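Tertiary structure, described
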Amino acid sequence: MGATASPRATARNAAGLPRKLAEVLQGEVRFDAFTRGRYATDASIYQIMPAGVVFPKSADDIAATLKVAADHALPVILRGGGTSQNGQPIGSGLVVDCSRHFNRVLAYDAEAGTVTVEPGHVLERLNARLRADGWFFPVEPSTATRCTIGGMAGNNSCGARSLRYGKMSDNVLGLEALFHDGRAFGFGLTGNEAAAVSGGPRAEDLARRMLALADAHRGEIERVYPKVQRRVGGYNLDSLIEPRPNLAHLLVGSEGTLAATTAVTLKLSRLPAHRVMGVCHFPSFRAAMETTQAIVGLDPVAVELVDNNVLVLGADIPLFRTTLADITKGTPNCLLLAEFAGDDLAALQRDLRRLDQCMADHGFPDAVVEVVEANRQKAVWEVREACLNIMMSMKGDRKPVSFIEDCAVPLEHLADYTDAVTEVFSRHGTRGTWYAHASVGCLHVRPILNMKDGGDVATMRAIAEETAELVRRHKGSYSGEHGDGISRSEFVEPLFGPTLTRAFETVKDAFDPDNRLNPNKIVRPLKMDDRTLMRFAPGYEVTEPARTALDWSDWGGFGPAVEMCNNNGTCRKLAGGAMCPSYRATGDEQHLTRGRANSLRLAISGQLGKDAFLSPEMKRTMDLCVSCKACRRECPTGVDMAKMKIEFLHHYHARHGLPLRERLVAEMPRFAGIAAALSPLLNLRNRSAILAKFGEERLGFSARRSLPAWRRPWREAGEPAHPQDVVDDVRDIVLFGDTFNRAFERENLEAAERVLTAAGYRLHRVLAHKGRRPLCCGRTWLASGQTDRAREEARRTLDALLPFVRAGARVVGLEPSCLLTFRDEFLSLLPGDEAKTLAERSLLFEELLAADLAAGRIRLPLREQGGRVAHLHGHCHQKSFGVMGAVETVLRHVPGLDVRVIESSCCGMAGAFGYRADTIDASFAMAELSLFPALRKAGPDDLVVADGTSCRHQIHDGLGREAIHVARVLDAAL
């Protein structure tokens, strides 16, 4: 059978394809270089540029795609969330993205506990729907927030709790699919013949042939197939020799090489009433491996490893630092997370006591931290699920590489196997990272290698061959969870032998005789070390930008910062946290942190053509990034797209010029004083539809959006201060008045003055050294990439504030996007000790109060509020810097105030983004994800609290409600 087509042959075969597909599909097709580039990779080391990308809306669309692709002799590769780690959903043909539109729930039986979904449906979204009825789908990989059911079926996914619930093939009841030519069929459980096979004589004949093939190889299957639960390599011929085989299980784990799945019917499980966790501490990795079998003997639901790499690296990641501190005592080498679940809480607490005794019996007394509270367990699982990305946060070209990461061996061999693999790494001059499913002997191990280096690629091949032999010797499975793909298909024959490999080829040829469905995976494989198939192919080099506008030294440069994206897709999560709001609103890979990072990487390395980095296509890719900075905190590998957008815009506008609208917004701090004097004239725009329309046509400000009303600006109380006025007893404060609150909402700064004074602080009025214009963070210039102007503002502000900070004062601000610039962009604009000193002494209003109230340094005399409800929406930058807890703390300090935090992503306003005519629809769509629905349920007398100027404006325009700053809440309660 043929191999993957060459790029030249693919281009020749694709001629006329876009037009033909557009004629027959309801869904969209894209053949531009940027889209193809975004779908050329998954979470593996590989990259293959597809001919085009299809976004189907129905099974008919997929059938039509298969037929058209066959006419053009092109392969078809179905794709879900694109989180596979071995190159499964990439290839040179047509990639079919099922996640965007083809993702409905088709049938749900809450009594029987079954559900049928389209393959693009995301697991977490399904479980959120099932939870209300007490059901869940128990196969829960660490990528549950973004993996799709179709992708899980394709890979035969497992998840942390497979010890109790099994893997995907144990929980799939039936599949509906299409043959390579678009003909529909269905497979299910034999013995229920009405559901076993559908699709007519062709499907029935194929089913008979597959059952006969398996029966003919029964002896070889029983002798060779590994006797471990975690075996997902090859094809599931072993499932067809069971007493009542389910024919669908042959398709599960087939990685889209046999058929195109259009619907999956799942068996659900009852949610346990309670879960408890014991965090077991070990002084060495070997000790943990030796003890695993004893812990599994206690009948837990899961036993998961967190190794020393995760403990060390995670301690440097703000998102995980607090959780790791909470669950660890002392300095363990590694942890085992043992979870017990059931309906009897008392029995589960006894399980924890038995776990503690088991640890003591093995020489580790007092080595278990009990985690019983649901919120603490959730935080621990978030750390465990992020293990891969935490380890990928290593900076530099050497990173943990996926190619042997989920081998599984029997538990009695686990300690010896891990020692042997560690010795292999040492012999090849590297070390490995370990984590994951100790309970089933499936540990995700990744040696640290540089895939830009040909020598390290050769080392990868040697490690793969030696590890495969170790797995065979220990009677394990070379692929225990993540499938074969490109990384491991070569090792199917060495592990299963020639007889079964020829049987696998027979399976492939029976289903797909023309080799059109995801070719060269599982059978007739590509070479796993073929560098031409890799993301960092020979000749890879970052060429742009030659000179950066911001300091990227922490990453080793702009290129390495972009390359930090490992494509695991955490940014694709649809709920929880704040990342990535534009993707949540559009469902488009283009408007996603991962999609932008891939586009940047391909552009700056010249793979999208000349000048791609500064092209209009790249500008469109970056346009819906609202610079919320959620990725700065929530991307475990540290991809800071907000900072990358500033860098990009700096170079883009230098080449193409700066539009008038961007110039007006950027210069706002400079003309704010004049605008305030002209406020009666300028504010007419909000009362005149004609003026609003004129502004939209000439400047691009949407006529549907009100503009901030200019007013008499805030004036600080008191005379200008001098550094010698600072006493340095923690009560000295410089209240930084940002442009937005100063010019549009002075009542917030006035309220803050009253609250701070009532708390006993001394406020110092600081002026700029040159000129009368107030100090500014430079945020408006940064938003348009004008880094030189922003640097001037940063220097001017730093020069004015630094003497007071050095004397002991703290700088306090109200607007998160402005004050937190001191702790973020200032460090990239003016790297050095001066900016670090200011960053360390700069606090948001609520941070200052929360810290000093907790330390007993101040007190606030506040009135009882009689149970009044306050709905709190957090600004994105508050979330990014982990200061939302401070806002809650301060609000809960108000007696009788019922504080309810809104679980929301970006409000969608994002500075000038929400004012633009071309992005206002996206702006409101982001608000409708969670913020607006939550506030529509709020009572008419409830408070709405939002510390961001943009957030308050969005709530006003979208819902007609007034949102207020926390300073005004406290001021009203004084």
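Here the structure is shown first, and the text comes after it.
What comes next concerns the included structure. (Residues numbered from 1 in each chain as written. Predicted model: local features only at pLDDT ≥ 70, side-chain atom pairs only at ≥ 80, totals over all residues. Heavy atoms only, no water.)

**Points about the overall build of the protein chain**
Inclusion rule: Helix numbers and strand numbers start at the N terminus; a helix is a DSSP run of H or I with at least 4 residues, a strand a run of E with at least 2. Within these notes, the globule rule equals 2.2 Å times the number of residues to the 0.38 power, and the radius of gyration is based on C-alpha atoms. Using a 1.4 Å probe on the protein chains alone, a residue whose accessible area is under 20% of its type maximum counts as buried, one over 50% counts as exposed, and one in between counts as partly exposed. Reported accessibility uses the Shrake-Rupley method at a 1.4 Å probe radius. Residues are deemed covered only where the shown protein chains occlude them. Charged residues are defined here as Lys and Arg on the positive side and Asp and Glu on the negative side; His and the ends of the chain fall outside this count. Just so you know, the charge point we use is NZ for Lys, CZ for Arg, CG for Asp and CD for Glu.
Helix and strand counts for the protein chain stand at 45 helices and 26 strands. Computed over its C-alpha atoms, the radius of gyration of the protein chain comes to 30 Å, within 12% of the 30 Å expected for a compact globule of 974 residues. Buried positions account for 63% of the 974 residues belonging to the protein chain. Entry remark: accessible area of the protein chain is about 35,400 Å², with carbon and sulfur atoms responsible for 50%. Side chains of the protein chain give 121 positive and 119 negative charges; the mean places of these two sets differ by 4 Å.

**As for unusual backbone geometry**
Cis geometry marks the peptide bond from Glu544 to Pro545, where omega comes out at -10 degrees. On the secondary structure map, Pro545 appears in the loop between α21 (492–511) and α22 (558–563). Cis peptide bonds are those with omega within 30 degrees of zero, and the linkage from Met579 to Cys580 qualifies with -5 degrees. By secondary structure assignment, the location of Cys580 is in the loop between α22 and α23 (581–586). Here Ala910, not a glycine, exhibits a phi torsion of approximately 50 degrees, which is positive. For Ala910, the position within the fold is in the loop between β25 (897–901) and α42 (920–929).

**Remarks on the sheet that holds strand β10 (residues 197–198)**
Put simply, the test is: We treat two strands as partners when DSSP finds at least two bridges between them.
Across the sheet, six strands lie side by side as β5-β6-β11-β8-β9-β10; this open sheet has antiparallel pairing. Whereas interior strands pair on both sides, the edge strands pair on one side only; in this sheet they are β5 (105–109) and β10. Bridge count between strand β8 (residues 172–178) and strand β9 (residues 184–187): four bridges; the pairing is antiparallel. Paired with Leu178 across the two strands is Ala184, which belongs to β9.

**A few points about helix α44 (residues 949–959)**
The test is simple: Throughout, a residue-residue contact means that at least one pair of heavy atoms, one from each residue, lies within 4.5 Å.
Buried within α44 are the following residues: Thr949, Ser950, Cys951, Arg952, His953, Gln954 and Ile955. The secondary structure elements touched by the buried residues of α44 are α32 (739–743), α33 (746–758), β24 (868–873), α42, α43 (931–936) and β26 (943–946).

**Topic: the side chain of Asp947**
Under the convention used in this document: For this document, the term salt bridge refers to a Lys or Arg side-chain nitrogen within 4 Å of an Asp or Glu carboxyl oxygen. N or O atoms closer than or at 3.5 Å make up a polar contact, with two conditions inside protein: a donor-capable atom paired with an acceptor-capable one, and, for residues adjacent in sequence, both atoms drawn from side chains.
Here Asp947 lies in the loop between β26 and α44. Buried and unpaired, Asp947 has no salt bridge, with Arg952 as the nearest side chain of opposite charge at 5.4 Å. In this structure the side chain of Asp947 is engaged in a polar contact, spanning 3.0 Å, whose partner is the side chain of Gln878. Sequence-distant contacts of Asp947, defined by excluding residues within four places in its chain, comprise Leu814, Glu815, Pro816, Glu846, His873, Gln878, Val887, Arg952, His965 and Val966.

**Some details on the packing of helix α2 (residues 17–24) against helix α4 (residues 59–71)**
When two helices pack together, their arrangement is given by the angle between the helix axes and the distance between those axes. The criterion, for reference: Working convention: axes come from line fits to C-alpha atoms, limited for helices to the stretch in contact. Angles between N-to-C directions cover 0 to 180 degrees. Any angle from 65 to 115 degrees is called roughly perpendicular, while one under 35 is roughly parallel, one over 145 is roughly antiparallel, and all others are oblique. Two helices that cross are described as forming a left-handed crossing if the nearer one is turned anticlockwise from the farther one by less than a right angle, and a right-handed crossing if clockwise. Residue type decides the class: Asp, Glu, Lys and Arg count as charged, Ala, Val, Leu, Ile, Met, Phe, Trp, Tyr, Cys and Pro as nonpolar, and the leftover types, Gly among them, as polar.
Packing of α2 against α4 leaves a shortest axis separation of 10 Å and a crossing angle of 150 degrees. Comparing their axes, α4 and α2 come out roughly antiparallel. Crossing hand, α2 versus α4: right-handed. For the pair α2 and α4, the contacting residues are Leu17, Lys20, Leu21 and Val24 in the first and Asp61, Ala64, Thr65, Val68 and Asp71 in the second. For the contact of α2 with α4, a count of residues per class yields five nonpolar, one polar and three charged.

**A short note on the pattern of salt bridges**
Applying the stated criterion across every chain, the model contains 78 salt bridges. When the shortest N-O distance is used, the salt bridge between Glu793 and Arg773 registers 2.6 Å. Highlighted residues: Glu793 in helix α35 (residues 787–807) and Arg773 in the loop between β21 (762–763) and α34 (779–783), separated in sequence by 20 residues. Here Glu793 falls in the buried class, since its relative accessible area comes to 2%. A salt bridge links Asp788 to Arg791; the nearest nitrogen and oxygen atoms lie 3.3 Å apart. Remark: Arg791 and Asp788 occur in helix α35; sequence separation between them is three residues, near one turn of the helix.

**Quick look at the packing of aromatic side chains**
The cut-off we apply is this: Two aromatic rings from Phe, Tyr or Trp, using only the six-membered ring of Trp, form a pair when their centres are within 6.5 Å; if the ring planes differ by under 30 degrees the pair is stacked, by over 60 it is edge-to-face, and anything between is tilted. A positively charged side chain is recorded as over a ring if its NZ (Lys) or CZ (Arg) lies within 6 Å of the ring centre. The angle to the ring normal must also be within 35 degrees.
One pass over the structure, following the stated rule, counts 22 aromatic pairs. On the numbers, 4.1 Å between centres and 15 degrees between planes, the contact of Phe179 with Phe185 is stacked. Judged on exposure class, the residue Phe179 and its partner Phe185 are both buried. Centroid distance Tyr235 to Phe504: 5.8 Å. Interplanar angle 90 degrees. Geometry classified as edge-to-face. A residue pair is termed long-range when its members are at least 10 positions apart, and Tyr235 in the loop between α10 (218–224) and α11 (248–251) and Phe504 in helix α21 qualify at 269 residues. Each member of the aromatic cluster is reached from another via a ring pair, and the members are Trp552, Trp555, Phe558, Phe613, Phe648 and Tyr652. The ring of Phe179 carries the charged tip of Arg202 above its face, separated from the ring centre by 4.1 Å.

**Describing the sheet that holds strand β20 (residues 732–736)**
With parallel pairing, the four strands of this open sheet are ordered in space as β21-β20-β22-β23. Edge strands, defined here as strands with exactly one partner in the open sheet, are β21 and β23 (842–844). Alignment of strand β22 (residues 810–813) against β23, held across three bridges, turns out to be parallel. When the bridges of β23 are listed, Val812 appears paired with Leu843. Across the sheet, α33 touches β20 and β21, and the angle it forms with β20 is around 170 degrees.

**Regarding the state of the cysteines**
Here is the rule: Any pair of cysteine sulfurs within 2.5 Å is marked as a disulfide.
Scanning the entire structure with this criterion turns up zero disulfides. Looking at the unpaired Cys158, the closest cysteine sulfur is the one in Cys442, lying at 6.9 Å. Sulfur of Cys280: no disulfide; nearest cysteine sulfur belongs to Cys358 and is 7.9 Å away.

**Topic: the nonpolar core**
Burial of nonpolar side chains together is a common tendency in soluble globular proteins. Formally: Take the buried Ala, Val, Leu, Ile, Met, Phe, Trp, Tyr and Cys residues and link them wherever side-chain atoms come within 4.5 Å; each set so joined is a nonpolar core.
Core analysis: the biggest nonpolar cluster contains 119 residues, and Met168, Leu237, Phe282, Ile295, Met460 and Phe511 have the highest contact counts within it. At nine residues, α21 tops the list of elements feeding residues into this core. With sequence-adjacent residues up to four places away left out, Met168 is seen in contact with Phe137, Val139, Ile149, Met152, Ala153, Asn156, Ser157, Val252 and Leu266. Ala561, Ala612, Leu782 and Cys906 belong to the second-largest nonpolar core, a separate cluster that totals 85 residues.

**A short note on the environment of Glu696**
Within the secondary structure, Glu696 is located in helix α31 (residues 689–699). A relative accessible area of 24% places Glu696 in the partly exposed class. The residues contacting Glu696, other than those within four sequence positions of it, are Phe701, Ser702, Ala703, Arg704 and Ala917.

**Remarks on the side chain of Thr292**
Following the sequence through the fold, Thr292 ends up in helix α12 (residues 285–296). A residue is classified by how much of its surface remains accessible, and Thr292, at 1% relative accessible area, is buried. Here the side chain of Thr292 touches Ala288 through a polar contact of 2.8 Å, landing on its backbone oxygen. Residues contacting Thr292, with those up to four places away along its chain left out, are Leu336, Leu411, Leu414, Ala438 and Ser439.

**A word on a nonpolar patch on the surface**
Worth spelling out the cut-off: To count toward a patch, a residue needs a relative accessible area above 30% and no salt bridge. Like charges then connect within 9 Å, nonpolar side chains (Val, Leu, Ile, Met, Phe, Trp, Tyr) within 5 Å.
Residues Ile674, Leu678, Leu681, Leu682, Leu684 and Leu691 make up a contiguous nonpolar surface patch of about 540 Å² in total accessible area. Take Leu691: it is sitting in helix α31.

**Observations concerning the environment of Ala938**
Looking at the secondary structure, you find Ala938 in the loop between α43 and β26. A residue is classified by how much of its surface remains accessible, and Ala938, at 11% relative accessible area, is buried. Separated by 327 residues in the primary sequence, Ala938 and Asp611 have C-alpha atoms spaced 50 Å apart. The contact partners of Ala938, leaving out residues within four places of it in the chain, are His871 and Arg961.

**A few points about the packing of α33 against helix α39 (residues 845–854)**
Two elements in contact, α33 and α39, have axes separated by 12 Å at closest approach and are oriented at 15 degrees. As summarised for this structure, α33 and α39 are arranged roughly parallel, according to the angle between their axes. Judged by the sense of rotation from one axis to the other, the crossing of α33 with α39 is left-handed. Packed against α33, whose contacting residues are Ala752, Val755 and Leu756, the element α39 presents Phe845, Leu848 and Leu849 at the interface. Of the residues contributing to the contact of α33 with α39, the split by class is six nonpolar, no polar and no charged.

**Some details on the pairing of β8**
Among the seven residues of β8, five are classified as buried, and the element is accordingly described as predominantly covered. By the bridge criterion, six bridges tie β8 to strand β11 (residues 260–267) in an arrangement that is antiparallel. Residue pairing across strands places Gly174 opposite Thr265, the latter belonging to β11. Counting the residues between successive antiparallel strands, the hairpin from β8 to β9 contains five residues, one of them, Gly182, with a positive phi of roughly 95 degrees.

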